[in-house]
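# Per-entry structural report
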Amino acid sequence: MRKKFSNNKLRVYIFKIRNREDFTHTMMKYSILLHRNGLMWRKAIVERGEAMNTKKMAAEEAVALIKDGMIVGLGTGSTAYWAIAKIGQRVKKGLNIRAIATSKESEAFARELNIPIVTFSEVNEIDITIDGADEVDPDLNLIKGGGGALLREKIIATASEKLIVVVDEGKLVKILGAFPLPLEVIPFGVESTRSKIENLGCKTEIRMTDKFEKFITDNGNFILDCEFFMVKNPKKISHELNRIPGVVDSGLFIGLAHKVFVGRQNGSVDIIQKNGSRDMNLKIQEKQQDD
Ligand code: 5RP
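As the structure is a computational prediction, the values presented were derived from the model and not from experiment. (Residues numbered from 1 in each chain as written. Predicted model: local features only at pLDDT ≥ 70, side-chain atom pairs only at ≥ 80, totals over all residues.)

### Concerning the overall build of the protein chain
- Along the backbone of the protein chain there are nine helices and 14 strands.
- Burial statistics for the protein chain: of 291 residues in total, 44% are counted as buried.
- A sequence separation of at least 24 residues applies to 73% of the contacts in the protein chain between residues at least 6 apart. (Helix = DSSP H or I, 4+ residues; strand = E, 2+ residues; numbered from the N terminus. Buried ≥ 20, exposed ≤ 12 C-beta atoms within 10 Å, placed from the backbone. Contact = placed C-beta atoms within 7 Å.)

Okay, here's the thing in structure tokens:
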């Protein structure tokens, strides 16, 4: 499938994916395809395809919240990539933190940058986690899991005092669900699990890699992408999905995000708070970081 794309076509698809008004069934599939191809590849596309790297802006702004001595959760995906890269720069300049990663991919990247990595057996609580999202609604509920790391992401988010979400403005939606909801499911009995999920009113697809093999998560499970199109009551759907035997967890993150940093094409980063208030137009040029 990937071989059919030229770089120019990919850029067009990335632009359309960001434009939520034009978000169609086909676009969702391209979005997932992009997620499956690894941090480095995505970074290269972002760098070549965007005049204004809104993901990088949001991620770097959020990293300014990290202080000496903190235990930091590292997210997964092309936006979290920039946060990890910035944390690496700050560690090089003397920032003293320890980190715990939401995926093997992010952990490997952090190790390359000499960010000290710890496990849950070594820490009680995570002070702050910076992670991306596929969709963010006005109540700061999220769909996550486009990169297949939703389970570790949720474990780390729920163990964190603060979950800071970093996105470009195309991720903001009124109602969750245009992005197919990822579920991590146990391989045993997946056909039966799948039909119980579909009884809730969605169509499911088992996520495949670009080599047409089943995508296997870091925990040895499958991902089912569920097309609900609109998740009007995310809390209810989340409970119903989690009650199905075989579903390990869903990519619905309800009430977990504390702040969302939104990178905008006009060069600003908005911060949306949990209580609905906003710090608008925090210009990146004006940021005061200690590096
Ligand atoms: C990975 C995730 C990612 O945070 C989410 O898919 C957003 O990715 P990106 O920053 O590449 O758009 O949930 O499981």
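### Here's the deal with the sheet that holds strand β7 (residues 181-185)
- Within the open sheet, the four strands sit side by side as β8-β9-β7-β10. Their pairing is antiparallel. Edge positions in the sheet fall to β8 (203-206) and β10 (247-250), since each of these pairs with one other strand and no more. In this sheet, neighbouring strand axes are inclined to one another by 30° on average, regardless of whether the strands run parallel or antiparallel.
- Summarising the sheet, β8 and strand β9 (residues 222-227) pair through four bridges and their orientation is antiparallel. Residue pairing in the sheet places T204 in a bridge with C226 of β9.
- Running over the sheet, helix α9 (residues 234-242) touches β7 and β10 and is turned about 165° from β10. (Pairing = 2+ DSSP bridges. Axes fitted to C-alpha atoms, helices over the stretch in contact; angles between N-to-C directions.)

### Describing unusual backbone geometry
- Here L140, not a glycine, exhibits a phi torsion of approximately 65°, which is positive.
- Here L140 lies in the loop between β4 (135-136) and β5 (142-143).
- Despite not being glycine, F229 shows a phi value in the positive range, around 70°.
- By the element assignment, F229 lies in the loop between β9 and α9.

### What to know about the site of the ligand
- Close contacts around the ligand come from 20 residues, with G77, T79, G132, G146 and G147 the closest.
- Of all the secondary-structure elements, those providing two or more residues to the shell around the ligand are α5 (78-92) and α7 (150-158).
- Here the shell around the ligand takes three residues from α5, the largest share from any one element. (Near = placed C-beta within 6 Å.)

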